[in-house]
Amino acid sequence: MREESYLVLRKFFFWLALIAFLGLAPVIIFSSLGYKFNWSSKKFLRTGAITIETTPKEASVFLDGQKMKETTPATFREVLPDKHTLVLEKDGYYPYELTLLLKPSRIAKVDVVLIPKARFIEKSRFDFNVYRFFVTRHIFGDKIIAFTDKGIFFVGTDLQNARQVCGIDIGPVVAGSVEGLKEYDNSLIYWNARNIWMLKIPEPPEEICSEPVLVYKAQEVVREVFLGIKDKYLIVHDGRNIVAQDASNPAASFLIKEIRYPKAEVFYDSRTEALYLRDRMPETGVFSIFKMELMPMIGERKENEEAS
Amino acid sequence: MKRLLEIIPGFLSWSILIFFIVLFLTMPLSAAVAIIVFLLYWVFRLLYMSILLMLAHHRVITKRNLDWLATCTTFKSDLKFEDIIHVVLYTIYKEPKEVLEDSLDALKESLYPKDKVIVVLAGEQRDQSALEKLNFLNEKYKGHFRDIFITIHPKDTEGEIPAKGANATYAAKIIREYLEKNGYDFRNVIISCFDADTCPDKNYLACLTANFLKNPKRYRTSFQPFPVYSNNIYKAPAFARVIEMGSTFWQLIESMRFEKFITFSSHSMSFKTLVEVGYWPVDLISDDSLIFWKCFIKYDGDYRTYPLEVPVFMDIAVGKGLIDTVRVQYKQKRRWAWGVENFVFAGMAFMDNKNIPFLEKARRCYQILDNHINWATWSIIVSFITPLTLIWGQIISKDALVLFNLTYVNNIIFHTFSFILILSVVISYEFLPPRPREVSRFIYVVFVLQWLLVPLISAFLGSFPALDAQTRLALGKPLYFYPTPKKREA
């Protein structure tokens, strides 16, 4: 090859390298910062990345419901900043689901240990720390209500589906103290030994959950809570009194009866709206059963209050 | 002004390093972006250099079997081949006579009429054994060449520093007297200035002569072979082999940049030109490159270096043991990096020269600075600052996407580097001399694996010596000529 040919080739590759550098450098810099051109909006968006590592490896990845080609360990770039649902599955292991919030120009790192499946034992696949759960019964099927570090979830009894109903974390201490829970009219009522709270479950499109409202503070100990009087009142046995607390109005409560014996047993018949109470008679000290018709009792009390 | 020029290279190198360090400590995300740009630049630069290496390699191997002597004798030139005389000047200082014997034996085996070759052995008075050694060689090789004689450069000459350039110039002046006395026309004389361990390829003289005859600007051209450090390749430590082979590759790459190519180490030129420019510098260390700049300035920029297609074989610098070899290599590389004084020399000369276009001067100064600053900084940034940025970034902002992508780009450069390593392994095999019997075949496996040392040694025996030299120059601390120890084992 002649000397001139080497010179031509050299200049060709020099300019090729220079143009490639000048052309690619801005692209790579912007890409490194997470910028991606969105063709539909014709704008540059700042994206993020997700890296996933699992033990063991080669778990399938479902990102927002879509199965990805890569298995773990995997990195997904140019992911739009948003909440994303990630499900990691591998044969012989419980699936692992988590929701992560990806911020612009940030990388979300997921490092998960998959739990091997045992026979006849299922594990919920969701990535939250469960403080307390209750099972509620409905005509449409049972439901698990879980207090977790990521809020309150309704979980199907197959443990495969979960819906966050409220993002408020009431904390492990409070959640651990909860002794009972009832659903009421798009709200949850839960109580521990001293307090009864009501939490309104936001309906879509509203997403923000309000703080739980303290609807009742017991004088002694909350022993029983019923939802009665056409499911509009909480019938509370707090060791000293039986009280009817208006579920929608914390200020409205009616004393049904004072109790002589703190551990008096109470039974509420929702069909007849009658309350049965085993209590001690102060005059004789003997225990007897009392029946209270709550509907007419509450009706009369209300009339008296309105009159006064 | 001279002091300013001496400070500039070191200042720029340190500024770049300090900039990156301060940036990664204070703004790691911005440092990550800066390093990404830097690494990308080097990915493309390394790829481009790889292509140059392949082109240079192609150029060499396509002419490997060329009958250079026939080219000399048949080429129609204004000069006659029969009139061309070679003066081969060996500068010697404390090298054992075995080293010189190998060099002279190689010259003797040249495929070129030895009656056209005059050998000059230039010793130093400082070397106690010089006279005895050179007399021995003179006697041994008398009759094998047109002529052979010795010179002994006196020590402590005013205006000179103890360096190779001073010795070579002293010998050149004696050669001039000899040539004049014997009626030689300087226009027909080519002088080759060789280190004591230089074993020219058997086609060297023929290739040199052919290119001299063909070149219409022969008196405006130096002729540079590419050095291959293989004389003791089977005995040198692996890291030293890698470093020296890297030097060969660098010379091959530079040889493809014809217009920027300058002389280095052993080289040849017209004796007429040498006389006109006043011989090699006697008060500077980098005589091999400075002679080019002297010619360049003298002829107002109308001077170039032609890359010869044949090599000269030289020794890998080794010490008494492994640690000593590291020391020797470091000092040798620091002496080579002292070539940054070219910037000062050229800069000062350019200021006085009104005939060289400003753009040409600027381009040349930039070229010298670019080479030396990259030499001093790039492997420090890649080997130290980049990992430190990643580590520090993980502490400060572990979820920053740009830091994650820096790792990704770093991996790209690593893969690019791996490609270059493979290329280096393949090309290096071209220059391996035959394996001595006593050396096991396992050495070939070592020759492949040794390239994995590059990331480790590129900073310590690449950038650090260069930074050391530039810093000394900037601080005004002189560097004394370090004669690389050469030896032959029995």
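Residues numbered from 1 in each chain as written. Chains lettered and ligands numbered in written order. Predicted model: local features only at pLDDT ≥ 70, side-chain atom pairs only at ≥ 80, totals over all residues. Heavy atoms only, no water.

Colleague: What am I meant to see in the overall build of chain B here?
Modeller: Scanning chain B from terminus to terminus reveals 16 helices and 8 strands. Taken over the C-alpha trace, chain B has a radius of gyration of 23 Å; the compact-globule value for 490 residues is 23 Å, and the two agree within 12%. Taking the principal axes of its C-alpha atoms as reference, chain B extends roughly 80 × 60 × 50 Å. Within the span of chain B, comprising 490 residues, buried residues form 60% of the whole. Taking the intrachain contacts of chain B between residues at least 6 apart in sequence as the baseline, contacts between residues at least 24 apart amount to 82%. When the 56 basic and 47 acidic side-chain charges of chain B are each reduced to a single mean position, those positions are 3 Å apart. (Helix = DSSP H or I, 4+ residues; strand = E, 2+ residues; numbered from the N terminus. Rg over C-alpha atoms; globule rule 2.2 N^0.38 Å. Buried < 20%, exposed > 50% of the residue type's maximum accessible area, 1.4 Å probe, protein only. Contact = heavy atoms within 4.5 Å. Lys, Arg positive; Asp, Glu negative; His and termini not counted. Charge placed at Lys NZ, Arg CZ, Asp CG, Glu CD.)

Colleague: Sorry, what's going on with the environment of leucine 33 of chain A here?
Modeller: Within the secondary structure, leucine 33 of chain A is located in the loop between α1 (3-32) and β1 (35-38). Residue classification places leucine 33 of chain A among the partly exposed positions, given a relative accessible area of 27%. For the pair leucine 33 of chain A and alanine 274 of chain A, spaced 241 residues apart in sequence, the C-alpha separation works out to 67 Å. Beyond its immediate stretch of four places on either side in the chain, leucine 33 of chain A contacts Ser105 of chain A together with Val33, Leu401 and Val402 of chain B.

Colleague: Any chance you could explain the packing of helix α2 (residues 28-62) of chain B against helix α13 (residues 358-396) of chain B here in plain terms?
Modeller: Two packed helices can be described by the angle between their axes and the distance between those axes. All names here are of chain B. The interhelical angle for the contact between α2 and α13, taken along N-to-C directions, is 140°, at an axis separation of 10 Å. The orientation of α2 relative to α13 falls into the category oblique. The chirality of how α2 crosses α13 is left-handed. On the side of α2, the interface is formed by Pro28, Ala31, Ala32, Ile35, Phe38, Leu39, Tyr41, Trp42 and Arg45, while α13 contributes Asp370, Asn371, Asn374, Trp378, Ile381, Val382, Ile385, Thr386, Thr389, Trp392, Gly393 and Ile396. Here the residues of the contact of α2 with α13 sort into 14 nonpolar, 5 polar and 2 charged. (Axes fitted to C-alpha atoms, helices over the stretch in contact; angles between N-to-C directions. Parallel < 35°, antiparallel > 145°, perpendicular 65-115°, else oblique. Left-handed = near helix turned anticlockwise from the far one by under 90°. Nonpolar A, V, L, I, M, F, W, Y, C, P; charged D, E, K, R; others polar.)

Colleague: Explain the interface of chain B and chain A to me, please; I cannot follow it from the model alone.
Modeller: Size of an interface: often given as the accessible area lost when the parts come together. Listed by partner, the interface residues are 32 residues for chain B and 29 residues for chain A. Here chain B and chain A share an interface that buries about 2600 Å² over both sides, 69% of which is from carbon and sulfur atoms. Counting across the interface, chain B meets chain A through 1 salt bridge. Residues arginine 10 of chain A and glutamate 259 of chain B are paired through a salt bridge, measuring 2.5 Å at the closest nitrogen-oxygen approach. (Buried area = accessible area lost by both parts, 1.4 Å probe. Salt bridge = Lys/Arg side-chain N within 4 Å of Asp/Glu carboxyl O.)

Colleague: Even after reading the chapter, I still don't get the sheet that holds strand β9 (residues 107-113) of chain A, so can you show me in this structure?
Modeller: The strands making up a sheet associate through hydrogen bonds between their backbones, and the pairing can be parallel or antiparallel. The 3 strands lie next to each other as β6-β3-β9 (chain A), forming an open sheet whose pairing is mixed. In the strand order of this sheet, the two ends are held by β6 (74-79) and β9 of chain A, each with one partner. On average, adjacent strands in this sheet sit at an angle of 15° to one another, irrespective of strand direction. As judged from the 7 bridges shared by strand β3 (residues 48-55) of chain A and β9 of chain A, these two strands associate in the parallel manner. Bridge pairing in β9 of chain A places threonine 55 of chain A opposite valine 113 of chain A. Sheet strands touched by helix α14 (residues 401-430) of chain B: β3, β6 and β9 of chain A. Its angle to β6 of chain A, the strand with the most contacts, is close to 125°. (Pairing = 2+ DSSP bridges.)

Colleague: In this structure, what is going on with the state of the cysteines? I would like to understand it.
Modeller: One way to say it: the disulfide is the covalent bond shared by the sulfur atoms of two cysteines. On inspection of all chains with the given rule, the structure shows 1 disulfide over all chains. Covalently, cysteine 166 of chain A is tied to cysteine 209 of chain A through a disulfide, its sulfur atoms 2.0 Å apart. A torsion of -100° about the S-S bond marks the disulfide between cysteine 166 of chain A and cysteine 209 of chain A as left-handed. On the criterion of sequence distance, the pair formed by cysteine 166 of chain A in strand β13 (residues 162-166) and cysteine 209 of chain A in the loop between β16 (195-200) and β17 (213-217) is long-range, its members being 43 residues apart. The thiol of cysteine 199 of chain B is not disulfide-bonded; the next cysteine sulfur, from cysteine 193 of chain B, is found 15 Å away. This cysteine, cysteine 295 of chain B, is not joined by any disulfide, and cysteine 193 of chain B carries the nearest cysteine sulfur, 13 Å off. (Disulfide = S-S within 2.5 Å.)

Colleague: Would you mind going over the domain arrangement of chain A with me for this structure?
Modeller: In terms of domains, chain A is made up of domain 1 (33-123), domain 2 (128-217) and domain 3 (223-308). Between the C-alpha centres of domain 1 of chain A and domain 2 of chain A there is a distance of 27 Å. (Domains from an automatic or database assignment.)

Colleague: Looking at this structure, I do not really get the side chain of threonine 169 of chain B. What am I missing?
Modeller: Residues and elements named next belong to chain B. Take threonine 169: it is sitting in helix α6 (residues 164-181). Overall, the relative accessible area of 3% leaves threonine 169 in the buried class. With sequence-adjacent residues up to four places away left out, threonine 169 is seen in contact with Tyr279, Trp280 and Val282.

Colleague: What is the right way to read the packing of α13 of chain B against α14 of chain B from this model?
Modeller: Residue and element names in this part refer to chain B. Close contact between α13 and α14 brings their axes to 10 Å; oriented N to C, the two are set at 150°. Relative to α14, the element α13 lies roughly antiparallel. Read as a crossing pair, α13 and α14 show a hand that is left-handed. Of α14, the residues touching α13 (which contributes Trp378, Thr386, Thr389, Leu390, Gly393 and Gln394) are Leu403, Leu406, Thr407, Asn410 and Phe417. Looking at the contact of α13 with α14 residue by residue, the classes come out as 5 nonpolar, 6 polar and no charged.

Colleague: When you look at the confidence of the model for chain A in this model, what are you seeing that I'm missing?
Modeller: Model confidence for chain A is summarised by a mean pLDDT of 86, while 99% of its residues fall at 70 or above. For chain A, per-element mean pLDDT is lowest for helix α3 (residues 294-307) of chain A, which scores 78, and highest for strand β4 (residues 60-63) of chain A, which scores 94. (pLDDT = per-residue confidence, 0-100.)

Colleague: Looking at this structure, I do not really get the domain arrangement of chain B. What am I missing?
Modeller: Residue and element names in this part refer to chain B. Per the domain assignment, the segments of chain B are domain 1 (2-60 + 362-475) and domain 2 (66-329). Taking the mean C-alpha position of each, domain 1 and domain 2 sit 31 Å from one another. Opposite the 33 residues of domain 1 that make contact, domain 2 presents 31 residues. By the criterion of area lost to domain 2, the three top residues of domain 1 are Arg59, Arg364 and Phe431, representing 24% of everything that side buries. The tally of links from domain 1 across to domain 2 stands at 1 salt bridge. Arginine 59 is paired through a salt bridge with glutamate 309; the nearest N and O atoms lie 3.6 Å apart. Looking at the side of domain 1 that touches domain 2, the elements with two or more residues in it are α2, α13, α14, α15 (443-449) and α16 (454-475). Here the side of domain 1 that touches domain 2 gets 7 residues from one element, more than from any other, and that element is α2. Residue composition of the side of domain 1 that touches domain 2, grouped by class: 23 nonpolar, 5 polar and 5 charged.

Colleague: What should I look at first to understand the pairing of strand β1 (residues 85-91) of chain B in this one?
Modeller: Consecutive residues of a regular strand have side chains that alternate between opposite faces of the sheet. All names here are of chain B. Most of β1 is tucked away, with 7 of its 7 residues classed as buried. Burial along β1 is two-sided: the residues Ile85, Val87, Leu89 and Thr91 and His86, Val88 and Tyr90 are all buried. Bridge count between β1 and strand β4 (residues 189-195): 7 bridges; the pairing is parallel. Opposite histidine 86, over in β4, you have isoleucine 190 as the bridge partner. Here β1 runs beside strand β2 (residues 117-124); their pairing, made up of 6 bridges, is parallel. Bridge pairing links leucine 89 to valine 120 in β2. Crossover connection from β1 via helix α4 (residues 97-108) to parallel β2: handedness right-handed. (Right-handed = clockwise from strand over helix to strand, strands pointing away.)

Colleague: I keep staring at the pattern of salt bridges and nothing clicks. Help me out?
Modeller: Opposite charge on two side chains permits pairing when their charged atoms draw close. All names here are of chain B. Applying the stated criterion across every chain yields a total of 30 salt bridges over all chains. A salt bridge links glutamate 244 to lysine 333, with the shortest nitrogen-to-oxygen separation between them at 3.3 Å. Placement of glutamate 244 in helix α8 (residues 238-256) and of lysine 333 in helix α11 (residues 322-337) is noted, with a sequence separation of 89 residues between them. An identical accessibility class is assigned to glutamate 244 and lysine 333; each is buried.

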